[in-house]
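Notes for the structure review
Residue-level listing of the chains:
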Amino acid sequence: MTPRLAGLILALLVLIAPAARAAPVDTGHLKAELIAQTQAIAPGQTIQVALRQQIDKGWHTYWRNPGDSGEATKIAWTLPPGWSAGDFVWQPPEPQPAGPLVNYGYSGEVILPMTLTAPADAPVGQPVTLRAAAAFLVCEEICIPEDALLELTLPVQAQAAQPSGRWAGPIARALEAAPRRADLAAVFENSDQGLRLAVTGAALAGANLADSYFFPFDGAVIDHAAPQSIDRGPQGLTLGLTASYAFQMPEPPRIMAGVLKAGDAYYEIEAQAGPLPAEAAGLGPPATRGGGLSAAGLGLPLAMVFAVLGGLILNLMPCVFPILAMKAASLAGHAHEAKAARGQGLAFLAGVLATFLTLAGVLIIAQAAGAAVGWGFQLQSPPVVAALALLMLAVALNLSGVFEIGTSLQGVGSGLAGRGGLAGAFFVGVLAVVVAAPCTAPFMAPALGWALTQNAASSLLVFAALGLGFAAPFVAVSFAPGLLARLPRPGPWMDHLRKVLAFPMYGAAAWLLWVLTLQAGPMAMARLLAAAIVLALAAWLFGLSQVRSGRLALRGGAAVLAILAVVAVLFPAYQGAALLGGESSGAVAELPYEPYSAERLAELRAQGAPVFVNFTAAWCVTCQVNEQVALARQGVAESLASTGAVYLKGDWTRKDDVIAAELARHGRAGVPLYLVYDTRGSEPVILPQILTEGLVVRALEAAAG
């Protein structure tokens, strides 16, 4: 036989030899098999093979660091002499909540590639059978160790094999999806402010950092169940983590390696201990994805449009009703003086814009300093709530005629363009914004959620747009002579209207008293009521000084009493300083609910229960209206019972960093936020800010399937 003929016969044998083959093994709760990216292998060639798992629905296996519990998938090869196999190329893991624990693993199909190298003297024309023993811990509510003895047969051919066949694509995609190294610098620091991990680099500059997360290789460095906060920077991000027991050792870690999820990308990083770079923080948390109208991807033009629309609708929110009364009274007084009416409108606009921009500036500075604050943050402070209650009372007493500030409504026909009138309109604009803070109108939430994740200039532009929308109706009417001419001329009727309009202001003061009681307890309420009586006496003395002799003494006494009332509220002297941080008495609800916690939510989701989450606050009037109109209804109660849904309530009446972080995670800067989780483990559905009973019932039924 000639050498050429022998070669042809050998080639024919290779062509008719069977391609790579393996048989799946059912271990009980998953099917496992060895697969290859090529259908053959050549002597000395390195190819990609993989362990494929097809995991039963509801069950999962584990990543290289299983988290709080579990066991990583393992494989042990039995190879002929000269053959070698590499380690797993681990795929990005998924967090697996299990009650108060969080584990890392996989569900559904997962492919873990490995390199396989044939020896240079592998006999051509003879198939090789490779064997491996795989061990899995497969978990649902219980965990079951399962094993599989696997085989993969590959023909050995003379020429290098190219990727082909059924598994070439899936293995290539698994390799592409695996966390990759990039030109990233990572530093961590464990201090009194907690464990923080900063990562910077070109790949992160300007990237979508929503849902960023750190999966450590070492299971002892962080508390896996603790939330991870995100602070963006111009060149990267800083994650706020919770240190675990490795940092309590005599020699704490100097290196912290793992996988960083940044948006949709995964990077393998190795962080060194050291000071954090400034360019990794300062821009606040990113807007995140979710159902409903989200802040993610709005962009500045659309955010400004949403802000204008939200400002317009904010005029219809119940928290602004008292100030609408003041605006109505002012408008009626200037109805037949066009120039003065326009001046009043512009002064009101100036007051609104100045206050919105001031609040925005304070909010931006507070967030840059690391405070977890959002829209309405000022009403989380009991002293501010108490001071606003006294201010509302003072305005109501003025409208009731107890004392006068500036020109009364009966005399508004003369000197309407006077300095006092413009100052009053400016003050009404300021007060309107202050009392509008407890409300979040439709379109406002995504606009503010986007604004508070951007740079200062963009944030201020969005807040200015919100102010323009809020002031637009009053300003438009003040520039509409036809509408103004339809109002009756000033006269005695205006004094009666003024006194009627005082009662919404009394109502606002009473509502703020209720908020304060929830924040700081009954002693705070008693102290505020005492301060209110002192302030009312001061107002009466001041009013008396305006119509009688001895004005200096009366006004001096009024000033002293007013100062005492304010000091009593802002600087309480009794033990415990209730206004500065007493115990909250909790809100009363007609529906049975549980306090929100991330651990309880994770436990319920692991059990497959539908969950309704209500992030609310006592000072949020929109929230309270929704409670009465939509939530505290028989239909909702019956739907909760029939669907088996659990109602979790997150109370943001007082500052709570956990709730603030959760709001930011869903692109929100304030309350209300309503989330509905279904039984399938999907992302939550975000309900509108204005609820109806039917909307909630339908959402619960859809969540229960």
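In this report, we go over the structure that sits alongside the text. Counting starts from 1 at the beginning of each chain's written sequence and moves along it residue by residue. For a predicted model such as this one, the threshold for reporting local features is a pLDDT of at least 70, and the threshold for listing and counting side-chain atom pairs is 80 or more; totals across whole chains, interfaces and linings nevertheless cover every residue. Only hydrogens and water are set aside; all other atoms, that is, all heavy atoms of the structure, feed into the side-chain values.

Only when DSSP finds a minimum of two bridges between them are two strands counted as paired. Strands here are runs of E lasting at least two residues and helices are runs of H or I lasting at least four, both read from the DSSP assignment and numbered beginning at the N terminus. Taken together, the five strands give an open sheet; going across it, the order is 1-2-3-9-6, and neighbouring strands pair in antiparallel fashion. Each edge of the sheet is formed by a strand with only one pairing partner; in this case those strands are strand 1 (25-26) and strand 6 (84-85). In this description, contact between two residues means that some pair of their heavy atoms is separated by no more than 4.5 Å. Fitting a line to C-alpha atoms yields each axis, with helices limited to the stretch in contact; the angle taken between N-to-C directions then spans 0 to 180 degrees. Strands in contact with helix 2 (residues 168-177) are strand 2 (30-36), strand 3 (46-55) and strand 9 (109-117); relative to strand 9, the strand with the most contacts, it is inclined by about 95 degrees.

Each patch groups residues whose relative accessible area exceeds 30% and which form no salt bridge, using 9 Å between like charges and 5 Å between nonpolar side chains of Val, Leu, Ile, Met, Phe, Trp and Tyr. Calculation of accessible area relied on Shrake-Rupley with a 1.4 Å probe; when residues are assessed, cover is drawn exclusively from the protein chains displayed. Put simply, a salt bridge is a Lys or Arg side-chain nitrogen that is within 4 Å of an Asp or Glu carboxyl oxygen. Judged by side-chain polarity, Leu 302, Val 305, Val 308, Leu 309 and Leu 312 come together as a nonpolar surface patch covering roughly 340 Å² of accessible area. Considering the arrangement of structural elements, one finds Leu 312 in helix 3 (residues 300-314).

For the structure shown, the criterion picks out 13 salt bridges. The partner of Glu 71 in a salt bridge is Lys 74, with the nearest N and O atoms 2.6 Å apart. Between buried and exposed lies partly exposed: a residue is buried under 20% and exposed over 50% of the maximum accessible area for its type, with that area taken using a 1.4 Å probe on protein chains only. Looking at Glu 71, the relative accessible area reads 41%, which means it is partly exposed. Of the charged contacts in the structure, one is a salt bridge between Arg 600 and Glu 603, with a shortest N-O distance of 3.4 Å. Placement of both Arg 600 and Glu 603 in helix 14 (residues 598-606) is noted, with a separation of three residues, approximately one turn of the helix. On the basis of relative accessibility, which here comes to 29%, the residue Glu 603 falls in the partly exposed class. Linked by salt bridges that have partners in common, Glu 33, Arg 52 and Glu 109 make up one network.

Ordered by their spatial adjacency, five strands build an open sheet running 19-21-20-22-23, and the pairing between neighbours is mixed. Both outer strands of the open sheet, strand 19 (594-595) and strand 23 (685-686), are each paired with one neighbouring strand and no more. Two elements, strand 22 (residues 673-677) and strand 23, share two bridges in a ladder whose sense is antiparallel. By the bridge assignment for strand 23, Leu 675 is matched with Ile 686.

When two helices pack together, their arrangement is captured by the angle between the axes and the distance separating the axes. Relative to each other, helix 3 and helix 9 (residues 456-478) sit at 35 degrees, their axes nearing to 7 Å. For the element pair helix 3 and helix 9, the recorded crossing hand is right-handed. Note on element contacts: helix 9 touches helix 3 through Ser 458, Leu 461, Val 462, Ala 465, Leu 466, Gly 469, Phe 470, Ala 472 and Pro 473, opposite Leu 300, Ala 303, Met 304, Ala 307, Val 308, Gly 310, Gly 311, Leu 312 and Leu 314. Of the residues belonging to the contact of helix 3 with helix 9, the class tally is 14 nonpolar, four polar and no charged. Each crossing gets its handedness from the near helix: less than a right angle anticlockwise from the far helix is left-handed, clockwise is right-handed. Throughout, the ten residues Ala, Val, Leu, Ile, Met, Phe, Trp, Tyr, Cys and Pro are labelled nonpolar, Asp, Glu, Lys and Arg are labelled charged, and all others, Gly among them, are labelled polar.

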